[in-house]
Structures are given as C-alpha cells and as structure tokens.
Amino acid sequence: MTSASSASATPTARRPMKYRETRRLIRTYSRSFSSMVGLVIVALFLLIAAFGPLLAPYPEDAYGAVDFSAKLLPPSPEHWFGTDQVGSDILSRVLIGARTTLQIGLTVTGIAILIGVPLGMIAGMTSGWLPEAIMRVTDIFLSIPGLILAIAIVGALGPGIGNAMVALALVWWPGYVRLVQAKTLSQRNETYVDAARALGAGPLRVVFVHVLPNCLSPIIVKASMDMGLAILAAASLGFLGLGAQPPYPEWGAMVSTGRSYLPDWWWCTLFPGLAIYFTVLGFNLMGDGLRDVLDPRQR
Amino acid sequence: MTRLILKRLGMMVVMLLGLAIITFSIANIAPGDPARLAAGPDATPEMVEQIRETRGFDKPLPVRFALYVGQLVRGDLGTSVYTGRSVSDDIAQFLPATMELVFFAITIAIVFGIPLGTLAALWQNRFPDHGIRLIAVSGAALPMFWLGLMLQWYLALELGWFPLGGRLGVFDDVPPQITGMITIDALLNGDPRTALTALWYMVLPAAALSLPALAAIIRVNRAEMLEVLGRDYVINAKAQGIGPLRITAIYAQKNAILPSLAMIGLRFGWMLGGTVLVEGVFDFPGIGLYAAKAAVSSDFEPIMAVTLILGAAFMFTNLLIDLAYAVLDPRVRNQV
C-alpha cells in the first residue's frame, strides 16, 4: 500500500505515483500466463453475459420455445451444441444462461460482502461482548458444510432462483467476517492508525478512510474466488432442482434435465457443464493472479 | 493433553448448541408457518393444526427451542411427512453408507494429493509442475455432479469398466449388517470378495467427490513444500549427505504436512455436503441422496436433521484434526 501512504505528501506528486503503482501491478499480473488465461475467460464471460441474447442464434429458445420437429438433434452447423428434448438450441440457452450465472455470482458475493465486511470491521475494531458474539456466530456458521446449510434454507423458503441466491448469500458472509476481522485486528494498532487518531479523526473516519482501504486487497481477492465458488454452488442447487426451474436457462438445471438423456443425447449434459467449468476456472485463475499481485504474503 | 481434550469437548458442546439454534431458526423464523413446513405441502388445514398442537408450535419461541433441544437429546429427529418413518431411523440406515464413501474419497484425495503436491514442489515451474497444477485448478472448478455424470457416461456406460451405481450388484451377497459399511462388514464376515466389489462400486462416486479435495491438498502441500525445502535445516540435511528421498519424504514432509492436515479436515466436511450432489448421480443410498430427495419434495424435518448431523460430523472431524495437530506439533500442545 505504498501508493496510499506516499500519496498524501503533495497533491502534485499524487497522480504519477499512483499510476506507477498501478502499472507495476498490471505488469506483474500480465507476466503470469495462467492469470491472463483467467482474465481472458472472465472477459469473454462478461461479454457473453452482456450480449448473450444478441449472440444467440435462436434467442427465443432460451425461454421455453418448443419445436418438437427439431428435438434432440446432434451438434451440427445449424445447432453447434445440438438441441434438447423440446427442440431448443443448446448453444443459445448456454449463451443466454451466462447472464443468469453472472447475476447469481454478483448477488451472492455482493450480499455476503455487505453483511460480512461491516461485521468483520466491528469485530476487529471494537472490544467487549459484541465482537466476541459476532465471532462465535461466525464460527458456528463456518462449521456447517455450506451447501447443506443452503439446502436447508432453500428447504424452508421453497425452491426457486431468488431463494437459492438468498440462501447462498446467507451461508457465504461468515468467510468475510473472519477475513476482515483478522485484517483489522492486525491493522488497528499500526502507527498510521494511531497517527490518524492523534490528529483528531473520529472512529468512523479511522475505519472508513484509514483501515478499510488497507483491507481492500484481500477482500478483492476473496471476492474474485467467491464469484467462481458461488456460481458452482448455485449450479449445484440448480442441478438438485432447488435453484432455477426449467425451462429457465440456468446451466445447473440444464445439466439436470440433460441427465435423463444420457448416454445417447450426451450433448444436452456436456455443454452446460463445460460452461460452468470454464467460467469457474476463469474466476479461480483470475483470483489466483490477483492474490499473487495484491497480497503476495497470503499465498 | 487431557486438559486440551476437555477444553475442546466443552467448546464442541457450545458449538452444537449453536448449530441447534441455527437449524431451529431456519425452521421457525423463516417466513412461513413451521407447522405448515413440518406438515408438508399437501397437508390439509386440520392436519396442520394437529401438528401445531402435538409439536408445540403454538408455544412461545424459547419454550419451543427448549422442547426442540430436549427432543434432539433424546435422539428424536422428527418424522418424514412422505414416508411417515422416523428420521433418526432413516439416518441410522443411510449414514454408514455415506461415511464409507466419504472415507474412501478422502483417502483417494490424500493418497494422491500429498505425493502430487510434493512432486510439483520438487519440479517447480517445470513440466510435471505445470501438469499437476492443471489438475489442481481444474479440480477446484469442475462441478462435482457434472464430473460424476461424465465419469458414469464414459467409464461405466461406454467402456463398462465400472458399475453404473448403487452399493452392490443384485446378485452379490450383502454381508450381515454390523457397522453398516459394506466393506468393513464383509471383511468382518470373512468375505474379502464382497468387500472388493463394494469398493469397486464406490470408485466412480468417490473419484467425483474427491477431486476438489485432491486439488486443495495438492495446492497446500505444494506451497508448504516449496517453503520448507528452502529452510536451513533442509539445506543442512543436504550438506550432511542425506539422500533426497529421505529429505523430502521425511525431513521436509513432517513440517509441510501439518497445514495439509487442516485442509483435509476442512475438505472432509465439504465432502459430507458434496454427497448430496454425487450420491444422486450414482444412486448411492446414503444420507446425501436422502437429503436431496427430501429437499426436492419439501420434506422439512429430514433436511434439518441431515444439516444437524453433518454439521456435528464436521465439528467432530475438526476436533480430531485439532487433537492430531496437538499430538504432532509440540508447540500447539504446550500452548494450553
């Protein structure tokens, strides 16, 4: 965090120093082949999520268009990934499903950060019964396999993509509490925090202006990893029939439907699964790369 | 050591109570009527009212929680609305199968993960390292359920190398039930053939289940090995002319394996959750398949019971790992 501490020296020195640091980060990141592969996959995924309906050859197939004359066709130039049991083009459904997947990943990770980071800051910065209570609750949540807990919550709320997202977010936040609490604990007695206090900064200012920026890089790294994991978990719920319901174009649910058509109509299962794999792989590789750049000690 | 064990056991009781609070809250605070949830989606209003009275859902929350804990302590996990069977009986029947599968899967992950991680560290940034790291990144990204389906499709259906699913074939003799784990029961019964057959049936589900754990163990062991191999005592051992195999397998591994142990404990818990995905694919009659079926049919009490049981199993694993740490690492032992 050299940029933050040296930036306040003079306003004119600020911009060049900051850009130099950014350039250094970009250079380090781009030197790693696997990180770049991750970045390319994630960029492609974002493009598909943004323009999926325009790229899809048969966009109407994503939302339950039925054409029994074209059902279960093998991959061909007209249908690259083949067609499913109601004659929908699987490529179109995979492309349009990217948007659902992105939405799930962002929602779950976003809510988890919104719940977990403030709780982690409170647990790390204050003392007394409150941080103790926060950490105990966090420990208990972390001691239950997340997928099972999410299934239990969906069981109570009822199946559906919205409830699946809520359930995953509710099991995802404790990781952020643990991370942010550990980081703030290590920061709160640093000289720069004491200096800010001595200069008259109130507790909120200390937290938001001084401590939080120094906790950002591990949060970013974890968020990138969690995008992949949340996508995987949501696909798992979809596969179990607890997330998105067919014919909604969600990859996990597509694998689940395609399952009944194995082995003869393998393409119904293969391609949605590959889409999940590559997306998660992309976010994981990008997360690894970001960690090497932003947080080298955490390796 | 005794003090440490007692302290950890005490902590575990508190954690179990916390776990009960969580499952209780999901059932009672979640929007919707707990009596309705317990009665199942097809219940008539009269049935819901009856359940509300017999199960005490009309009483205030703290009283209900006390009733719930009392029920748990007596080993009563409720009844399934679909089969009408006691959930405790169901779990007693299905849990051993899952345990057998998960033990097998974690063994695969350890037996392959530790050596692969070590090899990758020894050949850092050379060809074997790249290959092993490819396994590691893929293992973390592959959806287990899809991997299971693909293995089943190719290795079982196309090539016929493995059975499609289940625990044993129709014509195999099921050994008399002692532990509920077929391999162990068969061995106790002096029937190694059936034990091997049962193992054979578990290869594909265990492979699908173990890949994420394998990936994680490779990563941790590789990173730790890289660090340990650069330490002074390893260089000293090298200078003393101790063979490279002895150095890596004994001197360095002793220090590198501890963080892998923590990862194994964590992954064991995740695998318990993963059985919900994999057992369904291979029609393996364990607690995961039971939970998945219950979840799809909104059969509420079995899901809550499975959450509770798997959470407790996970906590118990972590307790064992903590104690193993204390046995292996004198610094941890002497801290308490």
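Source: prediction; values computed, not measured.

Caption draft 1: Examining a nonpolar patch on the surface more closely. All names here are of chain B. On the surface, M1, I5, L6, L9, V327 and L328 cluster together to form a nonpolar patch covering roughly 550 Å² of accessible area. Contributing elements (two or more residues each) for the nonpolar patch: α1 (2–29) and α13 (300–328). In terms of residues, the nonpolar patch owes the most to one element, α1, which gives three residues. Counting through the fold element by element, M1 comes out in the segment before α1.

Caption draft 2: Local environment of the packing of aromatic side chains. In total, this model carries 16 aromatic pairs over all chains according to the counting rule given. Centroid distance F45(A) to F283(A): 5.8 Å. Interplanar angle 80°. Geometry classified as edge-to-face. With F45(A) in helix α3 (residues 33–55) and F283(A) in helix α12 (residues 267–294), this residue pair connects regions lying 238 residues apart in the sequence. The buried category is assigned to F283(A), whose relative accessible area is 5%. Taken together, the ring pairs in this structure connect F81(A), W266(A), W267(A), F271(A) and W153(B) into an aromatic cluster. We note K222(A) situated over the ring of Y176(A); from NZ or CZ to the ring centre the distance is 5.0 Å.

Caption draft 3: Expanded view of the nonpolar core. Of all hydrophobic cores here, the largest spans 165 residues; its most connected members are I151(A), W172(A), I26(B) and F145(B). In terms of residues, this core owes the most to one element, helix α10 (residues 203–240) of chain A, which gives 17 residues.

Caption draft 4: Up close: helix α4 (residues 61–73) of chain B. Residue and element names in this part refer to chain B. With 13 residues, α4 extends 18 Å from end C-alpha to end C-alpha; this agrees with the ideal 18 Å at 1.5 Å per step. Burial in α4 covers these residues: R64, F65, Y68 and Q71. Each buried residue of α4 lies within a common arc of 125° when the element is viewed along its axis, so the set occupies one face. Every exposed residue of α4 that faces more than 90 degrees away from the buried side is listed here: P62, A66 and V73.

Caption draft 5: Expanded view of the environment of G158(A). Position of G158(A) relative to the elements: it lies in the loop between α6 (146–157) and α7 (161–172). G158(A) sits 85 residues away from G243(A) along the chain, and the two C-alpha atoms are 9.4 Å apart.

Caption draft 6: Main features of unusual backbone geometry. All names here are of chain B. Here the phi dihedral of N125 falls at roughly 60°; this positive angle occurs in a residue that is not glycine. Residue classification places N125 among the partly exposed positions, given a relative accessible area of 49%. Look at D283: it is not a glycine, yet its phi comes out positive at around 50°. Tracing the backbone through its elements, the reader meets D283 in the loop between α11 (244–281) and α12 (287–296). For D283, a relative accessible area of 52% corresponds to the exposed category.

Caption draft 7: View of empty space enclosed by the protein. Residues and elements named next belong to chain A. Counted according to the given criterion, the structure contains one cavity of 30 Å³ or more. As a volume, the largest cavity reaches approximately 40 Å³. Looking at the largest cavity, the residues that line it are I104, I161, A164, M165, A234, G243, A244 and E250. The leading source of residues in the lining of the largest cavity is α7, at three residues. When grouped by side-chain class, the residues that make up the lining of the largest cavity number six nonpolar, one polar and one charged.

Cut-offs applied
- Residues numbered from 1 in each chain as written.
- Chains lettered and ligands numbered in written order.
- Predicted model: local features only at pLDDT ≥ 70, side-chain atom pairs only at ≥ 80, totals over all residues.
- Heavy atoms only, no water.
- Patch = residues over 30% accessible without salt bridge, like charges linked within 9 Å, V, L, I, M, F, W, Y side chains within 5 Å.
- Areas by Shrake-Rupley, 256 points an atom, 1.4 Å probe, with all protein chains shown as cover.
- Salt bridge = Lys/Arg side-chain N within 4 Å of Asp/Glu carboxyl O.
- Helix = DSSP H or I, 4+ residues; strand = E, 2+ residues; numbered from the N terminus.
- Phe/Tyr/Trp six-rings, centres within 6.5 Å; stacked < 30°, edge-to-face > 60°.
- Buried < 20%, exposed > 50% of the residue type's maximum accessible area, 1.4 Å probe, protein only.
- Lys NZ or Arg CZ within 6 Å of the ring centre and 35° of its normal.
- Core = buried A, V, L, I, M, F, W, Y, C linked by side-chain atoms within 4.5 Å.
- Expected span 1.5 Å × (residues − 1).
- Arc of directions from axis to C-beta.
- 1 Å grid on protein atoms, 1.4 Å probe; cavity = no way out; pocket = protein on both sides within 12 Å on 5 of 7 lines; lining within 4 Å.
- Points joined across faces, edges and corners; volume = space filled by probe spheres on them.
- Nonpolar A, V, L, I, M, F, W, Y, C, P; charged D, E, K, R; others polar.

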